[in-house]
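Here's the letter readout for the chains.
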Amino acid sequence: MAGQILFVSGIDTDVGKTIATGIYAKQLMAQGFKVITQKMVQTGCKGMAEDIVQHRKIMQIDLTEEDHQGLTCPYVFSYPCSPHLAARLENRQISTALIQQKTTELAQKYDYVLLEGAGGLCVPYDEQYTTLDYLKDCGYPLILVTSGKLGSINHTLLSLAACKQNGIPLHSLIYNRYPLGDEIINRETERYLQQYLAEHFPDAQFEILSIID
Ligand SMILES: Nc1ncnc2c1ncn2[C@@H]1O[C@H](COP(=O)(O)OP(=O)(O)OP(=O)(O)O)[C@@H](O)[C@H]1O
Ligand SMILES: C[C@H](N)[C@H](N)CCCCCC(=O)O
Ligand SMILES: [Mg+2]
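Residues numbered from 1 in each chain as written. Chains lettered and ligands numbered in written order. Predicted model: local features only at pLDDT ≥ 70, side-chain atom pairs only at ≥ 80, totals over all residues. Heavy atoms only, no water.

**Side note on unusual backbone geometry**
Moving on, step 1. Cis geometry marks the peptide bond from Tyr178 to Pro179; its omega dihedral reads 0 degrees.
Moving on, step 2. Along the chain, the position of Pro179 falls in the loop between β7 (170-176) and α8 (183-200).
Moving on, step 3. Phi at Asp14 takes a positive value of approximately 70 degrees, unusual for a residue other than glycine.
Moving on, step 4. With respect to the helices, strands and loops of the structure, Asp14 is situated in the loop between β1 (4-10) and α1 (17-30).
Moving on, step 5. Unusually for a residue other than glycine, Asn91 sits at a positive phi of about 55 degrees.
Moving on, step 6. By the secondary structure assignment, Asn91 is in the loop between α4 (83-89) and α5 (96-107). (Helix = DSSP H or I, 4+ residues; strand = E, 2+ residues; numbered from the N terminus.)

Here is the structure:
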């Protein structure tokens, strides 16, 4: 039986998707599951995808054969920008069908595939197709990462509205307590988002991501 594929996105780039993916993978491994992570498209990097390297470090395992074969990150671009632009700058095109084929291949071998997106929910792969379109087409349950940074309430509710409007199944909302920032804002943002989720997405989990060393 094929493994469960979960998509990890966030309210923005740099919100903590990679840390959350690594930690979640480690938690599932501790429960005895065979887990692999995948990065849809890595930009701002050469060679092995830096997010994959970070996942393995947090999971406390070496790079896998699928990492060395490029299965876990089919597209690596050097310019640190949106995938659609990074691909254009290298005169390449992103085939999301190819990415989906790699994810499916991994799901044949693992109980869980945690697939980290690039940036936030509406990041484009070309002029017409975004991460949200991909999620709609694939039907993967979504893990959305947010934080207490000022502005996160707006970005989170916008991302959640996009999920509701597009019928994206929300698996969980991960509240990242990094960066520390303003304690009053952090506490209230955490409270507000937890109650918002309970009201509008009663089947989704609200998870806390602590600051790791
Ligand atoms: N819970 C945490 N504890 C410690 N450091 C964190 C935590 N969350 C995020 N960081 C740090 O913040 C930075 C951004 O985190 P991360 O790379 O996970 O973001 P991202 O959403 O995956 O970014 P991208 O869109 O580039 O994939 C990194 O330097 C990371 O180490
Ligand atoms: C380079 C960065 N760390 C991410 N890998 C890509 C972020 C793309 C964001 C595009 C955008 O929303 O404007
Ligand atoms: Mg990342």
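Still more to cover.
**As for the site of ligand 1**
Moving on, step 1. In the vicinity of ligand 1 lie 17 residues, with Thr13, Lys17, Thr18, Asn176 and Ile212 positioned nearest.
Moving on, step 2. At 3.1 Å, a side-chain N or O of Lys39 approaches an oxygen atom of ligand 1.
Moving on, step 3. The side chain of Asp51 places a nitrogen or oxygen atom 3.1 Å from an oxygen atom of ligand 1.
Moving on, step 4. Relative to its unbound accessible area of 620 Å², ligand 1 is 78% covered by the protein chains.
Moving on, step 5. Every element with two or more residues in the shell around ligand 1 is listed here: α1 and β5 (112-120).
Moving on, step 6. The element best represented in the shell around ligand 1 is α1, accounting for three residues.
Moving on, step 7. When grouped by side-chain class, the residues that make up the shell around ligand 1 number six nonpolar, six polar and five charged. (Near = heavy atom within 4 Å. Polar contact = N/O pair within 3.5 Å; in protein donor to acceptor, adjacent residues only side chain to side chain. Areas by Shrake-Rupley, 256 points an atom, 1.4 Å probe, with all protein chains shown as cover. Nonpolar A, V, L, I, M, F, W, Y, C, P; charged D, E, K, R; others polar.)

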